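Structural features, examined
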Amino acid sequence: MRNDWQVDIDWNVKLFRLINSRRFKFLDKFYKKFYLMGKSYSLIIFYPIFYYFGKLPAVFDLTLSMIITGIIMPLIKYTFRHQRPAKLLENVHLLEPVSLKSFPSADTAYAFTLFGVSLFYFPVWAIFLMGVYAFLIAFGRIYMGAHFPIDVLTGAVLGLLSAFLSHILITYFLV
């Protein structure tokens, strides 16, 4: 069974090449640090922000949605076991060490889970900032050569679904 369907999708490879092949010194330096904000240990920064805007309900919602994301992501990642772009394509600019599998992007799912939960508790200006953060993480996964666009899109959808599922569970079943 072929395990590289990502390269069989024409727009996926073209968009990956468009983003990953263009190099900018500022973005290279920016993403060598900023990509860490897409890791789950950055929650230590986000929990106080969520508490500030939504108190304990927002923190509880964020925790439940992160648990949902944390269960779904590895299940999908290890079910599909798709390779990273650098394993399937030539001339990939890889700016970080990567391990595990590519599909879907867990960092993007994490960022969009945060963004999704913020929709329920934050004022519009803060939601906008969370959206910019999520977009920067998602774009960075492709720019840094770690993921194909389809990995990132799927991660974003899964993150948003986790946030909405958590909010539904809390609103209708736990309150």
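Residues numbered from 1 in each chain as written. Predicted model: local features only at pLDDT ≥ 70, side-chain atom pairs only at ≥ 80, totals over all residues. Heavy atoms only, no water.

**Considering the layout of surface pockets**
Our working definition: Both cavities and pockets are sets of points on a 1 Å grid over the protein atoms alone; in a cavity a 1.4 Å probe fits but cannot get out, in a pocket the set is open with protein on both sides within 12 Å along at least five of seven lines, and lining residues sit with an atom within 4 Å of a point. Grid points are joined across faces, edges and corners, and a volume is the space filled by probe spheres set on the points. The helix count covers DSSP runs of H or I at least four residues long, the strand count covers runs of E at least two residues long, and both are numbered beginning at the N terminus. Throughout, the ten residues Ala, Val, Leu, Ile, Met, Phe, Trp, Tyr, Cys and Pro are labelled nonpolar, Asp, Glu, Lys and Arg are labelled charged, and all others, Gly among them, are labelled polar.
One number sums up the size of the largest pocket: a volume of about 430 Å³. Taken together, 25 residues make up the lining of the largest pocket; nearest its centre are Lys39, Lys77, Leu100, Ala106 and Asp107. Counting only elements with at least two residues in the lining of the largest pocket, the list comes to α4 (43-80) and α6 (106-121). With eight residues, the single largest contributor to the lining of the largest pocket is α4. In this structure, the second largest pocket occupies an estimated 160 Å³ of space. The wall of the second largest pocket is formed by Leu15, Ile19, Phe112, Phe135, Ala138, Phe139, Ile142, Pro149, Val152, Leu153 and Ala156. Sorting the residues of the lining of the second largest pocket by element identifies α2 (10-21), α7 (124-143) and α8 (149-174) as the ones contributing at least two each. Looking at side-chain class alone, the lining of the second largest pocket contains eleven nonpolar, no polar and no charged residues.

**With respect to the packing of α4 against α8**
Relative placement of two packed helices is described by the angle separating their axes and the distance separating the axes. Here is the rule: Each axis is a line fitted through C-alpha atoms, and for a helix only the stretch in contact is used; angles between axes span 0 to 180 degrees, taken between their N-to-C directions. Any angle that is under 35 degrees is reported as roughly parallel, and any over 145 degrees as roughly antiparallel; angles of 65 to 115 degrees are reported as roughly perpendicular and all others as oblique. Crossings are sorted by hand: turned counterclockwise from the far helix by less than a right angle, the near helix makes the crossing left-handed, and turned clockwise it makes it right-handed. When checking whether two residues touch, look at their non-hydrogen atoms; a contact exists if any pair is within 4.5 Å.
Here α4 crosses α8 at 135°, and the two axes come no closer than 8 Å. Comparing their axes, α8 and α4 come out oblique. Here α4 runs over α8; the crossing is right-handed. Facing α4, whose interface residues are Phe60, Asp61, Leu64, Ser65, Ile68, Thr69, Ile72, Met73 and Ile76, α8 presents Leu158, Ser162, Ala163, Leu165, Ser166, His167, Leu169, Ile170 and Leu174. Grouping the amino acids of the contact of α4 with α8 by side-chain chemistry returns twelve nonpolar, five polar and one charged.

**What about the environment of Ser118?**
Going by this rule: Two N or O atoms count as a polar contact when they lie within 3.5 Å, although within protein this holds only if one can serve as hydrogen donor and the other as acceptor, and sequence-adjacent residues are included solely when both atoms are side-chain atoms.
Mapped onto the secondary structure, Ser118 falls in helix α6. For Ser118, the residues in contact, after removing those within four places along its chain, are Phe50, Ile127 and Met130. A polar atom in the side chain of Ser118 sits 2.6 Å from the backbone oxygen of Phe115.

**A few points about the packing of α4 against α6**
At a minimum axis distance of 8 Å, the contact between α4 and α6 shows a crossing angle of 140°. Of the possible angle classes, the one that applies to α4 and α6 is oblique. Two packed elements cross with a definite hand, and for α4 against α6 that hand is right-handed.

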